[in-house]
Amino acid sequence: MLTTRPRGTNDILPDEVHRWQYLERTIAELCRHYGYQEIRTPVFEHTELFYRGVGETTDIVEKEMYTFLDRGGRSLTLRPEGTAPVVRALLEHGLHSGMLPLKLYYVGPMFRFSRPQAGRFRQFHQFGVEVIGSKDPAVDAEVIAMAMDLYHRLGLMDLDLMVNSVGCPACRPVHREVLQAHLGPVVAELCPTCQGRYGKNPLRIMDCKGTRCQELVRHAPTITHSLCPDCRQHFQGVLRYLEIAGIKYRVEERLVRGLDYYTNTAFEIMAGGIGAQSAIGGGGRYDGLVEACGGPSLPGVGFGLGLERILLAMAEQGIGPSPTPVVEVYVAAAGSEARQHVFGLLQHLRLAGLSAASDNMERSLKAQFKQADRYGARFNVIIGEEELESGTVIIRDMREGNQEQVSLRDAVGYLTDRVARR
């Protein structure tokens, strides 16, 4: 139906937008404090980017991507995540040839085909950061601290930060053999997807949400016991910096992020009370991604936080901004002649930096006052026949409950001063 939105998408209505704007302002201020610059990439990319970057054995590539052929027969995909497009952009424009590390952030819509439920949509919005060029464990700790700082600024409480190390190309083969040996006798009991992962990337089985697969891997050996000395040292460094920053965490050895490009650090942040999809953010290190996308060997680390889930958690905890008034000044007209003067006054108010509105439906004066209340206007300006004759306006302060008669010539200055004082 033309009057129904596609399943898994949402309209952000006018009375909800202030929550999104508040969150986006908080994100921009956070990134300014941490020295991150914004980057904006296209909402669709060449499909190969996600096959090479995200990984063929991930749920995203196997089940969730919106892929289509354009009129030239090229395969394109609506971006399901933000890191691979950022890496593509920095390689295409040579951003990595400047001073490193490069610290970037983005906010925008992502697209994944999945079963819609609370906190999970087919079009969703994500805030992400990427740091390219440094292997310092302090950078891993910084991006984790940055995510936790955002939640603190928003007022979110009772969050669970889980961290783990998923190793590197040097130690993963050791764990792969151990894991395959453990799962070999029960491989036929795995779901069809995980049976395919058994030979390609058995670590991905740890991320399966199927009940039977979760039971089968519950006692499987974790990669933590197979870490090489370098990975173990790096992970201990990350934990040490988190402790220095006073950030509470717990090591979760079975934590596996849903993207193949992760190496070393992986983390996830959970919030209770928002349904089955309780993860409100996560990320980690991806030291091989730039090279996999055709660039030089450059390390990277970052995170992605779902805006819908953050707002859901805020609503659950009863926190968030108050609705902002639609306008500061409402100008009401009594009579057709006054309406012409209202139009001129409105423009002068707007040019002076005030938000202002008036009636466009020829409502009665009483109905105009009701509209002003719905707008949340702090000041009502009234122009009628008497005011036209005397060259004045009546200005009502709806918060203080008083009114004054001011000359029309001085009305803009008077209101500008009163709004500034507020």
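In what follows, the accompanying structure is described.

About the criteria used
- Per chain, residue numbering runs from 1 following the sequence as it is written.
- Residues qualify for local features only when their pLDDT is at least 70, as the model is predicted, and side-chain atom pairs are given and counted only at 80 or more; totals for whole chains, interfaces and linings, by contrast, use all residues.
- Side-chain metrics in this entry use all non-hydrogen atoms of the structure; hydrogen atoms and water are not considered.
- Helix and strand labels come from DSSP, where a helix needs a run of H or I of at least four residues and a strand needs a run of E of at least two; each type is numbered from the N terminus.
- The length a helix should cover is 1.5 Å for every residue beyond the first.
- Any pair of nitrogen or oxygen atoms within 3.5 Å is treated as a polar contact; in protein, a donor-acceptor pairing is required on top of that, and neighbouring residues in sequence qualify only through side-chain atoms on both sides.
- Using a 1 Å grid laid over the protein atoms alone, points where a 1.4 Å probe fits but cannot get out form a cavity; open sets with protein on both sides within 12 Å along at least 5 of 7 lines form a pocket; any residue with an atom within 4 Å of a point counts as lining.
- Grid points are joined across faces, edges and corners, and a volume is the space filled by probe spheres set on the points.
- The convention used is that axes are lines fitted to C-alpha atoms, helices contributing only their stretch in contact, and that angles between N-to-C directions extend from 0 to 180 degrees.
- If an angle is under 35 degrees, it is roughly parallel; if it is over 145, roughly antiparallel; if it lies from 65 to 115, roughly perpendicular; otherwise it is oblique.
- Take the far helix as your reference; a near helix turned counterclockwise from it by less than a right angle gives a left-handed crossing, and one turned clockwise gives a right-handed crossing.
- Residue contacts are counted whenever heavy atoms from the two residues lie within 4.5 Å of one another.
- For Phe, Tyr and Trp, rings pair up if their centres lie within 6.5 Å, where Trp contributes its six-membered ring, and each pair is then called stacked (planes under 30 degrees apart), edge-to-face (over 60) or tilted (otherwise).
- Buried, partly exposed and exposed residues are distinguished by accessible area as a fraction of the type maximum, computed with a 1.4 Å probe on protein chains only: under 20%, between the cut-offs, and over 50%, respectively.

Right, let's talk about helix α5 (residues 137-154) for a bit. Its 18 residues give α5 an end-to-end C-alpha distance of 26 Å, which sits within 8% of 26 Å, the value for a rise of 1.5 Å per residue. Capping of α5 at its N-terminal end is provided by Asp136; its side-chain oxygen lies 2.9 Å from the backbone amide nitrogen of Ala138. Following α5 by one or two positions, Gly155 adopts a phi angle in the positive range, close to 95 degrees.

Per the stated rule, a full pass over the model turns up 2 cavities of 30 Å³ or more. Quantified by volume, the second largest cavity comes out at close to 30 Å³. Considering the residues around the second largest cavity, the lining is formed by Arg19, Leu311, Met314, Ala315, Ile319, Gly320 and Pro321. Examining the composition of the lining of the second largest cavity, we find that 3 residues originate from one element, helix α11 (residues 307-316), more than from any other.

One can describe the packing of helix α1 (residues 17-34) onto α11 by two numbers: an axis separation of 11 Å at closest approach and a directional angle of 110 degrees. In terms of axis orientation, α1 runs roughly perpendicular to α11. Of the two possible hands of crossing, α1 and α11 adopt the one that is right-handed. Residues Arg19, Trp20, Tyr22, Leu23 and Ile27 of α1 pack against Leu307, Glu308, Ile310, Leu311, Met314 and Ala315 of α11.

For the rest of this paragraph, the subject is the packing of aromatic side chains. Going through the model one piece at a time under the given rule, you end up with 5 aromatic pairs. Ring centres of Tyr105 and Phe127 lie 6.3 Å apart, and the angle between their planes is 80 degrees; this geometry places the pair in the edge-to-face category. Here Phe127 lies in strand β6 (residues 123-132) and Tyr105 lies in strand β5 (residues 102-111), a separation of 22 residues in the sequence. Residue Tyr105 shares its accessibility class with Phe127, and that shared class is buried. Relative to Tyr375, the ring of Tyr330 lies with its centre 6.1 Å away and its plane at 45 degrees, an arrangement referred to as tilted. Placement of Tyr330 in strand β12 (residues 329-333) and of Tyr375 in helix α13 (residues 365-375) is noted, with a sequence separation of 45 residues between them. On the basis of relative accessibility, which here comes to 24%, the residue Tyr375 falls in the partly exposed class. Members of the aromatic cluster, each reached through a chain of ring pairs, are Tyr105, Phe127 and Phe303.

Without other data, these values stay purely geometric and don't point to any function.
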